[in-house]
Amino acid sequence: MPLDDHLTDHLPPHETPTQARRPDDRPLAPGGALDRDQLPADVEDEVEQPRTPMEALVASVFGELLGRPPAQLDEDFFALGGHSMLAVRAVHEIAEKTGIELELETFFDLETVEDIAAELDRLLATVERVTHEGEI
């Protein structure tokens, strides 16, 4: 039975990873980070780099809390091994670094680096707009 089928049969939908790879599919540098120089071209294409400072920040927070390199844009916090207590810490770390308090429920609903960063950017724009309008 393929790994994907086995996981789907034995895990609830919210815990089933969207893709599974053998750990040895991705070469690691001595420090444990992904060694991009050793990746085949087709795998390198799959590695999405952060496009915005907020995506880089969220990816970094995920990595720090999960004890791994920064997460990719489409990676799900919970699929990477996160749990509710780490989610609380993630929300706190993000608030410390950005000044934006993300609701824990929103963090659970969004889950991926890309989606959380987009919501944080939206909230930041709202705060900046309200602050600017209040100065007029």
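This report concerns the structure included in the present document. What you see is a predicted model; the values in this text were computed from it and never measured.

Turning next to the nonpolar core. Membership of the largest hydrophobic core comes to 23 residues, with the highest contact counts inside it found for Val 58, Phe 62, Phe 77, Phe 107, Ile 116 and Leu 120. Looking at this core, the elements that each hand over two or more residues are α3 (53-66), α4 (84-98) and α6 (113-135). In terms of residue count, α3 provides more of this core than any other element does, seven residues in total. Setting aside anything within four residues of it in sequence, one finds Phe 77 in contact with Phe 62, Leu 66, Gly 82, His 83, Leu 86, Ala 87, Ala 90, Phe 107 and Glu 111.

Attention shifts here to α4. Helix length check: α4, at 15 residues, gives a terminal C-alpha distance of 21 Å against a target of 21 Å (1.5 Å per residue), a fit within 8%. For α4, the set of buried residues is Leu 86, Ala 87, Ala 90, Val 91, Ile 94 and Ala 95. Once α4 finishes, Gly 99 follows within two positions and takes phi at roughly 80°, a positive value.

Within the secondary structure, Glu 119 is located in helix α6. In contact with Glu 119, not counting residues within four places along its chain, are Leu 102, Thr 106 and Leu 110.

According to the stated counting rule, one finds six aromatic pairs in the structure shown. Note on Phe 62 and Phe 107: the rings are 6.0 Å apart at their centroids and 65° apart in plane angle, and the pair reads as edge-to-face. Residue Phe 62 is located in helix α3, and its partner Phe 107 is located in helix α5 (residues 104-110); the two are separated by 45 residues in the primary sequence. On the basis of relative accessibility, which here comes to 0%, the residue Phe 107 falls in the buried class. Judged by centre distance (5.1 Å) and plane angle (80°), the ring pair of Phe 77 and Phe 107 falls under edge-to-face. In this pair, Phe 77 sits in the loop between α3 and α4 while Phe 107 sits in helix α5, placing the two residues 30 residues apart along the sequence. Side by side, Phe 77 and Phe 107 carry an identical accessibility label, which is buried.

Here is what the cut-offs are and how they apply
- Residues numbered from 1 in each chain as written.
- Predicted model: local features only at pLDDT ≥ 70, side-chain atom pairs only at ≥ 80, totals over all residues.
- Heavy atoms only, no water.
- Core = buried A, V, L, I, M, F, W, Y, C linked by side-chain atoms within 4.5 Å.
- Buried < 20%, exposed > 50% of the residue type's maximum accessible area, 1.4 Å probe, protein only.
- Helix = DSSP H or I, 4+ residues; strand = E, 2+ residues; numbered from the N terminus.
- Contact = heavy atoms within 4.5 Å.
- Expected span 1.5 Å × (residues − 1).
- Phe/Tyr/Trp six-rings, centres within 6.5 Å; stacked < 30°, edge-to-face > 60°.

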